Amino acid sequence: MATDKELNDFLESVERRAFKQAAYAVRKDEAALDIVQDAMIKLAEKYGDKPLAELPMLFQRILQNTILDYFRREKVRNTWVSLFGGLGRRDDDDEEFDILASYEAEEGTAAAESSADQVERAETLRLIEEEVQKLPARQREAFLMRYWQDMDVAETAEAMGCSEGSVKTHCSRATHTLQKALEAKGIKL
């Protein structure tokens, strides 16, 4: 069982990484801070009595679920705002008012992207996921832990049960393989 100090030290050690992950996902720093704070509170309240070794994976799962909850809430909120946004408007001069025509998406959000950009990004992500699945198991595992879950070399080596040098080798081979495969498909990242 983790002591209060161990739990506090753990949360302190993952705070920056969790913020980067949440900020990358939601693209809003304020929302990312809220998400990380909610995830930390949930971990402390519900799983604070778990062994220290279990906390990283529990926290990662809680963080992912909290990010998904954020997107669900935003979807519902945006639906209601768009449905009822024009109800308070009483401008008789402009009978042709269209809420969608006046809606301006916030820069840097998915809504600000053109449909073509969204389709292109989705296709690129699909191709990357396909190529990652084709990697040998150890390379894929090391690659996902290091670059997707943002674990450092030591954490990845411990989780994989191998040396830090092996993690570096697996990651290097995986990135070179992915680069060649994606360039062959016309994708340069």
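Residues numbered from 1 in each chain as written. Predicted model: local features only at pLDDT ≥ 70, side-chain atom pairs only at ≥ 80, totals over all residues. Heavy atoms only, no water.

Under an unreviewed UniProt entry, the name given to the protein chain is RNA polymerase sigma factor, and the organism recorded is Massilia pinisoli. Note on the protein chain: under the UniProt heading Sequence similarities (unreviewed entry), the record states "Belongs to the sigma-70 factor family. ECF subfamily." (UniProt positions renumbered as here; feature names shortened; annotations may be inferred.)

Things to note about the state of the cysteines
The final tally for this structure, using the stated rule, is zero disulfides. A disulfide-free cysteine, Cys162 has its sulfur positioned 9.3 Å from the sulfur of Cys171, the nearest such atom. Taking relative accessible area as the criterion, Cys162 reaches 21% and is therefore assigned partly exposed. Overall, Cys171 belongs to the buried group, its relative accessible area being 4%. (Disulfide = S-S within 2.5 Å. Buried < 20%, exposed > 50% of the residue type's maximum accessible area, 1.4 Å probe, protein only.)

Quick word on the packing of aromatic side chains
With the rule as written, the count across this model stands at three aromatic pairs. Geometrically, the ring pair formed by Phe10 and Phe59 is edge-to-face, given 6.1 Å between the ring centres and 85° between the ring planes. Of this pair, Phe10 sits in helix H1 (residues 4-26) while Phe59 sits in helix H3 (residues 55-84), and the two are 49 residues apart along the sequence. Grouping residues by exposure puts Phe10 and Phe59 together as buried. Relative to Tyr147, the ring of Phe143 has its centre 5.3 Å away and its plane inclined at 55°; by these criteria the two rings are tilted. Residue Phe143 and its partner Tyr147 are both found in helix H6 (residues 137-148); the two are separated by four residues, about one turn of the helix. Residue Phe143 is classed as buried on the basis of its relative accessible area, which comes to 15%. (Phe/Tyr/Trp six-rings, centres within 6.5 Å; stacked < 30°, edge-to-face > 60°. Helix = DSSP H or I, 4+ residues; strand = E, 2+ residues; numbered from the N terminus.)

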